[in-house]
Amino acid sequence: AMGGVGRVKWEITLPEVLHEAQPGVRMIALFRSPAARMYSAFYYYGHYAAKYGNNPEGFHKYASEQVSMFNDCAASDGATARSCVTSKFSQLEQLVKGMYCEFMDDWLNAFPREQFLFLKSEEYYADVPKYLEQVLTHLGLSRPPQDVWGLMTSMTATNQRTKSTESRGASQGDMLDKTRQLLNDFYEPYNAKLASILGDPKWASFS
């Protein structure tokens, strides 16, 4: 209280705000392999590569540092994965963005499960017609005429690496095996938790 006036700290989440505005909205979430997502982000946002090295070894240094910092936070007294995601987000943004399960409670507490369609990015882009059918069904839309459908299913992704991002290192090659193992080990319990939340074991692993 201050000046005789009681003050209450409100903690309102984005899903709660969205629910107030659009309670019946139907949403689609594409989840990408967390390790692959982080590797892509490392090169897409050029300041990471500029600091750590514009190559897979640079990414390994970055990923190792990020995992170590998160584990140090999680090992501190009273800390939880969720509290570390919140308190360290600005420092560990690209690592924690792949911890999908830690963001699910807010969304599923605000909206019924049936208002979401969860897809794996790798599966969607491997078979666009199949999963686009699911998208239309989820949204309550009918399939368009064949000529329109053909255009929809043959479109290429727009958010792809360009020559400018390639010059920042996107063409430097695949992630190192040791880095992939480090990140897969880190994300394993969080993927398992995601599978539990969504009630489907397929979410426990990403290709």
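Residues numbered from 1 in each chain as written. Predicted model: local features only at pLDDT ≥ 70, side-chain atom pairs only at ≥ 80, totals over all residues. Heavy atoms only, no water.

Chemist: Explain the nonpolar core to me, please; I cannot follow it from the model alone.
Modeler: Nonpolar side chains tend to gather and get buried jointly when the protein is soluble and globular. If you look at the biggest cluster of nonpolar residues, it comprises 41 residues, and the most contacted ones within it are Phe31, Phe59, Phe70, Leu183 and Leu194. Counting residues per element, this core draws most heavily on helix H12 (residues 177-198), which supplies 7 residues. If near-sequence neighbours (up to four positions away) are discounted, Phe59 is found in contact with Met38, Tyr39, Phe42, Gly53, Met175, Thr179 and Leu183. Counting residues in each nonpolar core, the second largest holds 9 residues, with Tyr124, Tyr131, Leu132 and Trp149 among its members. (Core = buried A, V, L, I, M, F, W, Y, C linked by side-chain atoms within 4.5 Å. Buried < 20%, exposed > 50% of the residue type's maximum accessible area, 1.4 Å probe, protein only. Helix = DSSP H or I, 4+ residues; strand = E, 2+ residues; numbered from the N terminus. Contact = heavy atoms within 4.5 Å.)

Chemist: Which parts of the structure should I look at to understand the packing of aromatic side chains?
Modeler: What describes a pair of aromatic rings is the distance from one ring centre to the other and the angle between the planes of the rings. Summed over all chains, the structure comprises 24 aromatic pairs. Aromatic pair Phe42 and Tyr48: ring centres 6.5 Å apart, planes at 20 degrees, arrangement stacked. We classify Phe42 as buried; its relative accessible area is 0%. For Tyr48, a relative accessible area of 12% gives the class buried. For the ring pair Phe186 and Tyr187, a centre distance of 5.2 Å and an interplane angle of 75 degrees mean the geometry is edge-to-face. Across the pair, exposure class does not vary: Phe186 and Tyr187 are buried alike. Pairwise contacts between aromatic rings join Phe31, Tyr100, Trp107, Phe111, Phe116, Phe118, Trp203 and Phe206 into one cluster. The ring of Phe206 carries Lys120 above its face, with NZ or CZ at 4.8 Å from the centroid. (Phe/Tyr/Trp six-rings, centres within 6.5 Å; stacked < 30°, edge-to-face > 60°. Lys NZ or Arg CZ within 6 Å of the ring centre and 35° of its normal.)

Chemist: Would you take a moment to explain the state of the cysteines for this structure?
Modeler: Chemically, a disulfide is nothing more than a covalent bond linking the sulfur atoms of two cysteines. This structure, assessed with the given rule, holds 1 disulfide. Disulfide pairing is shown between Cys73 and Cys84; the S-S distance is 2.1 Å. When the S-S torsion is -100 degrees, as for the bridge of Cys73 with Cys84, the disulfide is left-handed. Here the residue Cys73 occupies a position in helix H4 (residues 56-74), and Cys84 occupies one in helix H5 (residues 81-87), the gap between them amounting to 11 residues. Accessibility classification places Cys73 together with Cys84 in one group, the buried group. (Disulfide = S-S within 2.5 Å.)

Chemist: I'm lost on the pairing of strand S2 (residues 116-120) in this one. Help?
Modeler: In summary, the side chains of a regular strand alternate between the two faces of the sheet. Of all 5 residues making up S2, 5 are buried, and the element is well covered by its neighbours. Side chains of S2 alternate between two faces, with Phe116, Phe118 and Lys120 and Leu117 and Leu119 buried alike. Alignment of strand S1 (residues 27-31) against S2, held across 5 bridges, turns out to be parallel. Directly across from Leu30, in S2, lies its bridge partner Leu119. (Pairing = 2+ DSSP bridges.)

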